Amino acid sequence: MNQVTLLRQTLQPHLAWHGARLSFLAMFLIALFRVKTVNLTELAAGFMGQAQTDSHHKRLQRFFREFELNYYEIAKVIVGLMNIPEPWILSLDRTDWQFGQTTFNILTLGIVHQGVAFPVLWWMLDKKGNSNTSERIELMEEINTLFPERKIAYLTADREFLGHDWFGYLLKQPMIPFRIRIRASDCLSDGRRSLKAGIVFQHLKLQQTQILPKRRRLWGYWLYVAALRLEDNDLLVVVTPNSPSTAITDYAARWGIETLFGIFKTRGFCLESTHFTDSERLSKLFALLTIALCWAFRTGQWLHEIKPLKLKKHGRKAKSLFRRGFDHLRRIVLNLEQEADEFLNALEFLSCT
């Protein structure tokens, strides 16, 4: 039994897809780890089988052009594969880049786990620049619909995600706790006077933090405020409706979504090398990359359990769990005949058990 068939059988319990579609997904994943790019020409060259490269290229084009993907199903697959403990930490952000005259702009909501935000919902914004309040609210409504019983610790977001209506939505019952960074130019009021956040915290020295003892009014709502002077002298100011003592450390989890975008781009799958100009095709590609991310990350976790990664002087791992799993899977798929047993072991991380 060849490796494509084995991988297809492993994926089958997760996805209610036709056998031919599952075979395609299996071939796509193996090719992706082989060539390390989403460029269709390169992927086609990495496909297994007797067919010519041109035939594989056409098959790739047909999938992204014709196959209708159920993104809710993909979200549930991701949650099932990663088994992220509750309460969840959510991270919301955008990634964008330019290809010719086309601007790619993807609003993404992920669940942070061990330093990476695993995407469960994403929207292709048909514009440049920031998302608006209605787009963010719809995204949050979707995750509530998908996972109504899941507990959420808090939502993290950067300075783009501000505004009266947005904060009002998050503060409604049941409240969605948040740790959101504000701009130094945003004004904080104590009820008597209003000062810019940069002025309120201008006295902070490098690496010094401060939590204001009382709430301040921002965008029409009374919120706790905490600040940290970063090593580059920039000011990090975070607002939250609760738990101000942990607001700064909690906010640090937001970096997981930046790590995700790095994995999808330069540090992993080279998403920016796609020549897609159609947003729906790009969204399908994003979904397949998310499955590949889960496989690599779970493989890295297993390898770390067998032989823990060394820590550098700054306390961080010498290699990320994703990179360790990615490199391991790549070595296997480039030498399938010699690594048949290792391939079988790697399939365990995509199984239901």
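Residues take numbers from 1 onward in each chain, read along the sequence in its written order. Owing to the predicted nature of the model, reporting of local features is limited to residues with pLDDT of at least 70; listing and counting of side-chain atom pairs is limited to 80 or more, with chain, interface and lining totals taken over all residues. No hydrogens and no water enter the side-chain calculation; it runs on all heavy atoms of the structure.

A.B. asks: Can you help me understand the overall build of the protein chain in this one?
C.D. replies: Under the DSSP-based scheme used, a helix requires at least four consecutive residues in state H or I and a strand at least two consecutive residues in state E, with every element numbered from the N terminus. A tally of helices and strands in the protein chain yields 13 helices and 11 strands. Along the longest, intermediate and shortest principal axes, the C-alpha atoms of the protein chain span 75 × 45 × 40 Å. The buried label applies to any residue whose accessible area, calculated with a 1.4 Å probe on protein chains only, is under 20% of its type's maximum; exposed applies above 50%, and partly exposed to all values in between. Counting only residues that meet the buried cut, the protein chain has 52% of its 353 residues in that class. The contact criterion used throughout is that any non-hydrogen atoms of two residues lie within 4.5 Å. Long-range pairs, those at least 24 residues apart, make up 60% of the contacts in the protein chain with a sequence separation of at least 6.

A.B. asks: I keep staring at the nonpolar core and nothing clicks. Help me out?
C.D. replies: A general trend in soluble globular proteins is that nonpolar side chains are found buried together. Within this scheme, the nonpolar core is defined by two criteria: the residues are buried Ala, Val, Leu, Ile, Met, Phe, Trp, Tyr or Cys, and they are joined through side-chain atoms within 4.5 Å. Ranked by internal contacts, the top residues of the largest apolar core, which has 119 residues, are Leu7, Trp17, Phe28, Leu155, Trp166, Phe269 and Trp295. Judged by nonpolar contacts, the second largest core, of 7 residues, contains Leu228, Leu236, Val238 and Ala247.

A.B. asks: I keep staring at unusual backbone geometry and nothing clicks. Help me out?
C.D. replies: Negative phi values dominate among residues other than glycine, just as trans dominates among peptide bonds. Note that the residue after Glu86, namely Pro87, is joined by a cis bond; omega there is 0°. Residues Gln173 and Pro174 are joined by a peptide bond in cis, for which omega reads -5°. Summarising the element assignment, Pro174 is placed in the loop between α7 (164-171) and β5 (178-182). The backbone of Trp219 sits at a positive phi, close to 55°, despite the residue not being glycine. Positionally, Trp219 belongs in the loop between β9 (216-218) and β10 (221-229). With relative accessibility at 35%, the residue Trp219 sits in the partly exposed group. The phi torsion at Cys270 lies on the positive side, around 55°, for a residue other than glycine. Here Cys270 lies in the loop between α10 (255-264) and α11 (279-306).

A.B. asks: Explanation requested: the layout of surface pockets in the structure shown.
C.D. replies: Gaps left between atoms show up when a probe the size of a water molecule is rolled over them. The calculated volume of the second largest pocket comes to roughly 290 Å³. Forming the walls of the second largest pocket are 15 residues, and the residues nearest its centre are Asn144, Ile152, Pro174, Met175 and Ile176. By residue number, the principal contributor to the lining of the second largest pocket is helix α6 (residues 133-146), which donates 3 residues. Looking at the lining of the second largest pocket residue by residue, the classes come out as 10 nonpolar, 2 polar and 3 charged. The method works on a 1 Å grid over the protein atoms by themselves. A cavity is a set of points holding a 1.4 Å probe that cannot get out, a pocket is an open set with protein on both sides within 12 Å along at least five of seven lines, and residues with an atom within 4 Å of a point line them. Grid points are joined across faces, edges and corners, and a volume is the space filled by probe spheres set on the points. In this classification, Asp, Glu, Lys and Arg are treated as charged, Ala, Val, Leu, Ile, Met, Phe, Trp, Tyr, Cys and Pro as nonpolar, and every other residue, Gly included, as polar.

A.B. asks: Whenever I open this one, the environment of Gln9 confuses me. Can you help?
C.D. replies: Among the secondary structure elements, Gln9 is positioned in helix α1 (residues 3-11). Judged by its relative accessible area of 38%, Gln9 falls in the partly exposed class. Taking the C-alpha atoms as reference points, Gln9 and Glu231, separated by 222 residues in sequence, lie 50 Å from one another.

A.B. asks: Help me out: how do you make sense of the pairing of strand β4 (residues 152-157) in this one?
C.D. replies: Looking down a regular strand, the side chains alternate between one sheet face and the other. Whether two strands pair comes down to DSSP finding at least two bridges between them. Two strands pair when backbone bridges link them, and strand β1 (residues 88-99) and β4 are joined in this way by 5 bridges, in the parallel orientation. Its bridge partner lying in β4, Ile89 is registered against Tyr154. The sheet contact formed by β4 and β5 spans 3 bridges and is parallel. What sits directly across from Leu155, in β5, is Phe178. Viewed along the sheet, the connection from β4 through α7 into β5 turns out right-handed. Note on handedness: a clockwise path from strand one over the helix to strand two, with the strands aimed away from the viewer, defines a right-handed crossover.

Shape is all these values report; function is a separate question.
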